[in-house]
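# Commentary on secondary and tertiary structure
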Amino acid sequence: MHRLSRRSVSAILHTRGARYRNAAAASITSPVYLPNESSDTKVGWYSVLTGKTKVSLDSLNLKNGMFLGNRYESTAAASDASDPPAEKYEYQAEVSRLMDLIVNSLYSNKEVFLRELISNASDALDKLRFLSVTEPELLKDGVDLDIRIQTDKDNGIVILTDSGIGMNRQELVDCLGTIAQSGTAKFLKALKESKGSGSDSNLIGQFGVGFYSAFLVADRVVVSTKSPKSDKQYVWKGEANSSAYTIREETDPEKLIPRGTRLTLYLKRDDKGFAHPERIEKLVKNYSQFVSFPIYTWQEKGYTKEVEVEEDPADANKDKEDDKTEKKKKTKKVVEKYWDWELTNETQPIWLRNPKDVTTEEYNEFYKKTFNEYLEPSASSHFTTEGEVEFRSILYVPSIAPMGKDDIANPKTKNIRLYVKRVFISDDFDGELFPRYLSFIKGVVDSNDLPLNVSREILQESRIVRIMRKRLVRKAFDMILGISMSENRDDYEKFWDNFGKHLKLGCIEDRENHKRLAPLLRFFSSQSEDYMISLDEYVENMKPDQKDIYYIASDSVTSAKNTPFLERLFEKDLEVLFLVDPIDEVAVQNLKSYKEKFFVDISKEDLDLGDKNEEKEKEMKQEFGQTCDWIKNRLGDKVASVQISNRLSASPCVLVSGKFGWSANMERLMKAQTVGDTSSMEFMRARRVFEINPQHPIIRTLNAACKSSPNDEEALRAIDLLYDTALISSGFTPDNPAQLGGKIYEMMGMAISDKWATPAAEYHQSFVKPNNAEPIEADIVEPVEAGGQK
């Protein structure tokens, strides 16, 4: 046993101390204290839900908005003189557990206090239900098993009552006086040690810090509890800044409860917003919606009734004059407000039901309600995983991508709701349960193996979470594969339009699942320009002697199908994939192969189409080898080499990328990056190979020029223009577009010079003096009369 100083215990309470596990609450037919005009208190036992007892609305003080029995602040201010003296106790804690609480800081959000207290109450009810199997007398008072929450927003009070197992004096000392000691953990341990007892009780919490989460929002907490095994009721009182607590016996008959526990929280000044009924209802629905016991909250309601309206004097005189007119009383509708218990939670979560018993309509309704969707999902999967890790889950594939969220690289979503034993933990994840490329998947996951105080660090390091992630990802792929195998091709086309980029991102980030991702990809091709095909369809259409999967990356299908790289492949009827999305090229490069067929970029050097003729290539190199060297000397460092092409049939030349460098499409994308690294630009694009078509007339003409007049200025300028044109047709961007335009204009001028000129134009042009022409002296001619002589 360790004695703690006042400062130490204060730190414990602020870090959310120990969880009590012997909680309890009032039943549907529980005592409610109704104040009347004379301020005397009377007790009314009633149940609005069962309708067994009627309560007059006039007996409720509607001006105050609700009733909480006797105002608890009055009893807190001064205790009755007849109460027995309270015994004072010092808190106890194990130093190791205390340090864990301080270092790990279990709670980062104040609103979880209600989740923890409701979990305690649920455990208390579960214990009572379990023990009543062998001890039926524990339920002799007939009070129903439920949880009830009342609030007083004016005074900042929250009262949570359960009708569970309750506690005696010694249990109060043991469970609420020792930090980090779990009554539930002890209960489960006793079950396992006892012979013949089942150990499958569905208790929520197994760590003892939940109760002290009340001090996140409360200055003072009062616990009034009664065990069905004891005739006495005890009251525990503790304050946030105190190192001690008190326990006394309850002697006020008006405050006695049949069984269970009532917690009264006196909220801090800054946290009194938690005492609003709407806030409590929202927290219950968010965190404790699927707790297995009914949770009732005290809510303001209203009903419409008709009341008589006083007649206007003028109308009354009219009625007197006309005796024949039948008099009718005038009424109006008003809303009468009152307070009553309202069931706030659903006791049976859909994922705990047998999938065979759940209809498609129920799955869709749960999806729309949980994720605020208006369209039905494209697919769903309801499954239970057992073995090393046990959890239940329902996953959905949305039918449409969220509006205004185009950044698929953002992994933070609220699409997966994690529950631990039906208690909501969090929906704020950063890739722990699903990789970011599958962040569009929505669903719920309920685990029995994770602790309730799940933090980001625990999720990242937990082996259980890693196993859960693998199985969730596998189920997600099964759903998507099911959509792709649908008889209606439009189903998967719609999915691909919405989430295709996510799967391509998965090819980059998730190497382990390449075999699952690749069959789901879709691309346009040279033989399918109007609709996308799968890689399976491409492989099925491959030629018998085709060894590789060919692709070309471009900015559109139109530019891809008109590229000169396709000429020979078109002739050989080889299909080429068109990668028109910016992410496509990187995704395919990361896949590397599919069904033992390698991906080959037809815009890269050393393209092998499987029809090499070494003897013919040797002849071509002998004939055009000198021309290749001549062109290389002219172009200099612009190209790495000049080679004979085996991919061209109609174009004179093409500029291909180095085998390990960027393609023209990738170079274009990298230039467009806002924060791109320009230092690597030159290195990655340095190697370019200029390939010439020896069958083309232009190349044959240049070959003749190389042999006859290699220094001819027009032939050298033709090489420059040929290179610049190949630069554009191959998808690259010229360094000096204006200079290229000047060369084209000059060639056009030479080609069309004097071709369509008229005599009048020639006559006019003869009088046009060039800018650089020298002045000519004119001859003087004397005038001569017509028909005369000089």
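Let me sum up the structure you'll find in this document. Treat the numbers as computed from the prediction; the structure is a model and nothing was measured.

Another point: the overall build of the protein. For the protein, the helix and strand inventory stands at 24 helices and 27 strands. Taking all 790 residues of the protein together, 47% fall into the buried category. Restricting to contacts in the protein with at least 6 residues of sequence separation, those with at least 24 account for 75%. Carbon and sulfur atoms make up 48% of the accessible area of the protein, which totals about 42,400 Å².

Attention shifts here to a nonpolar patch on the surface. Taken together, the side chains of Tyr 374, Leu 375 and Ile 400 define a hydrophobic patch exposed on the protein surface, amounting to about 300 Å² of accessible area. If you trace the backbone, Tyr 374 turns up in the loop between α9 (360-371) and β14 (379-385).

Bringing the sheet that holds strand β16 (residues 416-420) into the picture now. Spatially, the five strands line up as an open sheet ordered β14-β15-β18-β16-β17, and their pairing is mixed. Edge positions in the open sheet fall to β14 and β17 (423-426), since each of these has one partner strand only. Taking each pair of neighbouring strands and ignoring which way they run, the sheet shows an average axis angle of 20°.

Put simply, side chains in a regular strand alternate between the two faces of the sheet. Counting buried residues along strand β21 (residues 548-553), six of its six residues qualify, which places the element largely inside the surrounding structure. Going residue by residue along β21, you find Asp 548, Tyr 550 and Ile 552 tucked away on one face and Ile 549, Tyr 551 and Ala 553 tucked away on the opposite face as well. By the bridge criterion, four bridges tie β21 to strand β24 (residues 597-601) in an arrangement that is parallel. Looking at β24, one finds that Ile 549 is bridged to Phe 599. Of the strand pairs in this sheet, β21 and strand β22 (residues 576-579) are connected by four bridges, and their pairing is parallel. By the bridge assignment, Ile 552 is partnered in β22 with Phe 578.

With that out of the way, let us pick up the pattern of salt bridges. Taken as a whole and assessed by the stated rule, the structure comprises 26 salt bridges. Linking Arg 489 and Glu 493 is a salt bridge whose minimum nitrogen-to-oxygen distance equals 3.5 Å. With Arg 489 and Glu 493 both in helix α12 (residues 489-509), this residue pair falls four residues apart, about one helical turn. Its relative accessible area of 38% is what places Arg 489 among the partly exposed residues. Look at Glu 493 and you get partly exposed, because its relative accessible area is 32%. Connected via shared salt-bridge partners are Arg 489, Glu 493 and Glu 537.

The next point concerns the packing of α12 against helix α17 (residues 584-591). α17 packs onto α12 with a crossing angle of 45° between their chain directions and a minimal axis gap of 8 Å. Regarding the angle of α12 to α17, the classification is oblique. Crossing handedness for the pair α12 and α17: left-handed. Contact with α12, carried on its side by Lys 504, Cys 507 and Ile 508, involves Asp 584, Val 586, Ala 587, Asn 590 and Leu 591 of α17 and no other residues of that element. Within the contact of α12 with α17, the residues separate by chemical class into five nonpolar, one polar and two charged.

Okay, the side chain of Asp 126 next. In this fold, Asp 126 is placed in helix α4 (residues 112-131). Side chain to side chain, Asp 126 and Arg 129 meet in a polar contact 2.9 Å long.

In this section: the nonpolar core. One finds Phe 434, Leu 438, Leu 503 and Leu 577 to be the most contacted residues of the largest nonpolar core, which totals 75 residues. Here the element with the most residues in this core is helix α11 (residues 463-484); it accounts for eleven residues. Contact partners of Leu 503, with chain neighbours within four places excluded, come to Leu 438, Ile 480, Tyr 492, Phe 495, Trp 496, Leu 517, Leu 520 and Leu 521. If you look at the next biggest cluster of nonpolar residues, it comprises 57 residues, including Phe 113, Leu 114, Leu 117 and Tyr 234.

Turning our eyes to something else, we now look at the sheet that holds strand β3 (residues 87-90). Strand order in this open sheet of nine strands is β3-β10-β9-β8-β11-β6-β5-β12-β13, and the pairing throughout is mixed. In the strand order of this sheet, the two ends are held by β3 and β13 (331-343), each with one partner. Each strand of the sheet is rotated relative to its neighbour by a mean of 25°, with strand direction disregarded. As judged from the three bridges shared by strand β5 (residues 147-152) and strand β12 (residues 295-308), these two strands associate in the parallel manner. Paired with Ile 147 across the two strands is Ile 295, which belongs to β12. Seen against the sheet, helix α5 (residues 169-176) touches β3, β8 (218-226), β9 (233-239) and β10 (244-249) and runs at an angle of roughly 165° to β10.

Our next topic: the environment of Thr 264. Considering the arrangement of structural elements, one finds Thr 264 in strand β11 (residues 260-267). Spatially, the C-alpha atoms of Thr 264 and Gln 150 are 9.5 Å apart, while their sequence positions differ by 114 residues.

Before going further, it helps to examine the side chain of Asp 446. Here Asp 446 lies in strand β18 (residues 442-447). Separated by 2.8 Å, the side chains of Asp 446 and Trp 351 make a polar contact. Reaching out from Asp 446, the side chain makes a polar contact with the backbone nitrogen of Lys 421 at a distance of 3.1 Å. Ignoring anything within four residues of it in the chain, the contact list for Asp 446 reads Trp 351, Leu 352, Phe 391, Arg 392, Tyr 419, Val 420, Lys 421 and Arg 422.

Bringing the environment of Val 588 into the picture now. On the secondary structure map, Val 588 appears in helix α17. For Val 588, a relative accessible area of 2% puts it in the buried group. The sequence separation of Val 588 and Phe 598 amounts to ten residues, and the corresponding C-alpha distance is 9.9 Å. Beyond its immediate stretch of four places on either side in the chain, Val 588 contacts Phe 523, Tyr 551, Leu 579 and Phe 599.

Before going further, it helps to examine α4. Over its 20 residues, α4 runs 29 Å from end to end, which matches the ideal 28 Å to within 8%, given 1.5 Å per residue. For α4, the tally of buried residues reaches 18 of 20 residues, placing the bulk of the element in the interior.

So, on to a positive patch on the surface. A surface patch of positive charge is lined by Arg 466, Lys 470, Arg 474, Lys 475 and Arg 516. Of all the elements, α11 adds the most residues to the positive patch, at four residues. Taking relative accessible area as the criterion, Lys 475 reaches 30% and is therefore assigned partly exposed.

In the contact formed by helix α21 (residues 697-708) and helix α22 (residues 713-729), the axes pass within 10 Å of each other and the chain directions differ by 145°. As α21 packs across α22, the resulting crossing turns out to be left-handed. Packed against α21, whose contacting residues are Ile 698, Ile 699, Leu 702 and Ala 705, the element α22 presents Ala 715, Ala 718, Ile 719 and Leu 722 at the interface.

A word on unusual backbone geometry. In this model, Asp 573 sits at a positive phi of 60°, which is unusual for a non-glycine residue. Its location among the elements puts Asp 573 in the loop between α16 (567-571) and β22. In the Ramachandran plot, Lys 595 falls in the positive-phi region, its phi being about 50° despite a non-glycine side chain. The class for Lys 595 is exposed, based on a relative accessible area of 53%.

Our next topic: the packing of aromatic side chains. Summed over all chains, the structure comprises 23 aromatic pairs. Geometrically, the ring pair formed by Phe 290 and Tyr 419 is edge-to-face, given 5.6 Å between the ring centres and 70° between the ring planes. Taken together, the residues span a long stretch of sequence, with Phe 290 in the loop between α7 (277-287) and β12 and Tyr 419 in strand β16 at a distance of 129 residues. On the basis of an interplanar angle of 35° and a centroid distance of 5.4 Å, the ring pair of Tyr 492 and Phe 495 is categorised as tilted. Remark: Phe 495 and Tyr 492 occur in helix α12; sequence separation between them is three residues, near one turn of the helix. An aromatic cluster of at least three residues, connected via ring pairs, comprises Tyr 287, Phe 290, Trp 351, Phe 366, Tyr 419 and Phe 424. The ring of Tyr 296 has Arg 148 sitting right over it, with the charged end atom 4.4 Å from the ring centre.

Cut-offs applied
- Residues numbered from 1 in each chain as written.
- Predicted model: local features only at pLDDT ≥ 70, side-chain atom pairs only at ≥ 80, totals over all residues.
- Heavy atoms only, no water.
- Helix = DSSP H or I, 4+ residues; strand = E, 2+ residues; numbered from the N terminus.
- Buried < 20%, exposed > 50% of the residue type's maximum accessible area, 1.4 Å probe, protein only.
- Contact = heavy atoms within 4.5 Å.
- Areas by Shrake-Rupley, 256 points an atom, 1.4 Å probe, with all protein chains shown as cover.
- Patch = residues over 30% accessible without salt bridge, like charges linked within 9 Å, V, L, I, M, F, W, Y side chains within 5 Å.
- Salt bridge = Lys/Arg side-chain N within 4 Å of Asp/Glu carboxyl O.
- Pairing = 2+ DSSP bridges.
- Axes fitted to C-alpha atoms, helices over the stretch in contact; angles between N-to-C directions.
- Parallel < 35°, antiparallel > 145°, perpendicular 65-115°, else oblique.
- Left-handed = near helix turned anticlockwise from the far one by under 90°.
- Nonpolar A, V, L, I, M, F, W, Y, C, P; charged D, E, K, R; others polar.
- Polar contact = N/O pair within 3.5 Å; in protein donor to acceptor, adjacent residues only side chain to side chain.
- Core = buried A, V, L, I, M, F, W, Y, C linked by side-chain atoms within 4.5 Å.
- Expected span 1.5 Å × (residues − 1).
- Lys, Arg positive; Asp, Glu negative; His and termini not counted.
- Charge placed at Lys NZ, Arg CZ, Asp CG, Glu CD.
- Phe/Tyr/Trp six-rings, centres within 6.5 Å; stacked < 30°, edge-to-face > 60°.
- Lys NZ or Arg CZ within 6 Å of the ring centre and 35° of its normal.

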